Amino acid sequence: METIKQQNEIGIKNPRMLLFSICFVLMFSVMNGTMFNIAIPDIAEAFNLMPSEVSWVMTGYIMVYSVGALIYGKLADTVAFKKLITFGLTVFAIGSIIGFLAPNYYFVLVARVIQAIGGSMMPAIAFIAPIRYFPNERGKILGIIASVMAFASGIGPILGGVIAGFLSWQFLFLTSALMIVTLPFLLKNLPDEETVNVRLDYLGASLVGVTIASTLIGITLGFVYSLYIAIGFGILAVLRMFKAKNPFIPPHLFKSRNYLVAILTSFLAVACLFGLMFTVPIMLREVYSLSTMEIGLVMFPGAISAALIGRKGGRLVDQKGARKVYLASLALLSTGFLIVSSTVGLSPLIISLMLIFPMMCFPLVQASGADLLANLLAKHETGVGMGVFNLLNFVSGALSGAIAGVVLDLFRPENPVNFLALSGESAVYSNLFLTFMGLVLIGLIAFKLVYRDGEKMA
């Protein structure tokens, strides 16, 4: 299949400015997904909503965002980046303005969905651009991209708390709209590319979308029948993969055991990392009675460490190879969870320092995992292959938060499984972090046993 011309044939006018613009947009895109967590109580109070109703501010956004990342990844194989970025940023800005002016809750929901339609463009582009435009420094650039995502995930709730506290939650929408200012810089520095008109498998995309949406609804809201719907549409989506002439997700991607074990272990690692970022604020509020601002300050060193180590980790990927860095990052991540599990209940200062260990692994896992996939994928399928990677990462984040919430609701042990941890109300959090450690270790062992160097995708 014919693809977009590569960077070495066209050239980039200003690589540094292009990278800066991509990172700036990506940061705001990721922060937009996390800083609204802080504003949920304010939105519920403004419109007199039940918790199950206001949760759709996050659930609806994540559903559309995760599926959108896959769709944009698929389109990136054939559509010029300039067109995708112009469409995505414009739609995102429109959604932000609607949200800022929203007269009722339904307009807020519509605004969040529109934001997700536009904003999901950025993760797809951000992980494909280093592969396409910076082939000689791919690991380093992927490390920078991953560190920006990690930093934005950590700083989002802090920024959301400051804006919502000093102004109001409506200004979170207005802050997000600032992404549009980067559009002229992106258009100026992106190379001119040809768009190949390839028909998108709309039926396959719809089946995948319904499967993801019903799965998230079933788990986040506890609707069992929604999970049955997810299973049914999931089966139809798989059948469509094998029947369609140009399937939305090519089935041969999953015939490569290297590709399969890479995305599944990444799914586990990212799920545990997002589960950590979901659980820690709740723990700090319940166990330590900290304010929103104090919670942000406790988590801030971890977010900064992730931002600082990303670039160094990316260089290690280029120097040592993605496989070695990936294995090392999974080992460090499991150790970090053990450290946090063992220190829960101690002073907030100690918790803040211990959180550095798992949070600094975020960019290492993302950068090395993305580079592994880049080595496996054919050039004309980089977009869809990385799109599946992004889809699973965002879904894992949504699922881990929902499952962790259910665990915290149902289980309140007095004694932790980890004999190094303190007893009391912090025990459930210690057990949860110990579970995260176990899941990461399972991924590490599976990757070590299954992944084979030198194997290429058929």
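The structure displayed is predicted, hence computed values, not measured ones. Residue indices begin from 1 for each chain and proceed along its sequence in written order. Per-residue local features are limited, in this predicted model, to residues with pLDDT of at least 70; the limit for side-chain atom pairs, both in listing and counting, is 80 or more; totals at the level of whole chains, interfaces and linings are taken over all residues. For the side-chain quantities, the full set of heavy atoms in the structure was used; hydrogens and water were omitted.

### Some remarks on the overall build of the protein
The helix and strand labels rest on DSSP assignments: H or I over at least four residues marks a helix, E over at least two residues marks a strand, and numbering proceeds from the N terminus. A count of helical and extended segments in the protein gives 21 helices and zero strands. Its C-alpha atoms put the protein at 60 × 55 × 45 Å along the principal axes. For every residue, the accessible area (1.4 Å probe, protein chains only) is compared with the maximum for its type, and the residue is labelled buried under 20%, exposed over 50%, or partly exposed between those bounds. In the protein, which comprises 458 residues, the share counted as buried stands at 57%. Here the open area of atoms and residues is found with the Shrake-Rupley method and a 1.4 Å probe, where only the protein chains shown may cover a residue. For the protein, the exposed surface amounts to about 19000 Å²; the carbon and sulfur share of it is 68%.

### Quick look at a nonpolar patch on the surface
Two joining distances apply to patches: 9 Å for like charges and 5 Å for nonpolar side chains (Val, Leu, Ile, Met, Phe, Trp, Tyr), and every residue must have over 30% relative accessible area and no salt bridge. Any Lys or Arg side-chain nitrogen located within 4 Å of an Asp or Glu carboxyl oxygen qualifies as a salt bridge. There is a patch of nonpolar side chains on the surface, built from Val210, Phe223, Val224, Tyr225, Tyr228, Ile229, Ile231, Ile235, Leu236 and Leu239 and spanning about 970 Å² of accessible area. With eight residues, helix α13 (residues 224–243) is the largest single contributor of residues to the nonpolar patch. The class for Val210 is partly exposed, based on a relative accessible area of 32%.

### Brief notes about the nonpolar core
Formed by 130 residues in total, the largest nonpolar core has its most connected members in Ile145, Met283, Leu284, Leu373, Met386 and Phe433. When residues in this core are grouped by element, the largest group, 14 residues, is from helix α14 (residues 257–288). Counting residues in each nonpolar core, the second largest holds 16 residues, with Ile43, Tyr105, Ala111 and Ile163 among its members. Only buried residues count toward a nonpolar core. Its members are Ala, Val, Leu, Ile, Met, Phe, Trp, Tyr and Cys residues joined through side-chain atoms within 4.5 Å.

### With respect to the environment of Tyr133
Mapping Tyr133 onto the fold places it in helix α8 (residues 121–133). The class for Tyr133 is buried, based on a relative accessible area of 2%. Expressed as a C-alpha distance, the spacing of Tyr133 and Leu190, which sit 57 residues apart in the sequence, is 9.3 Å.

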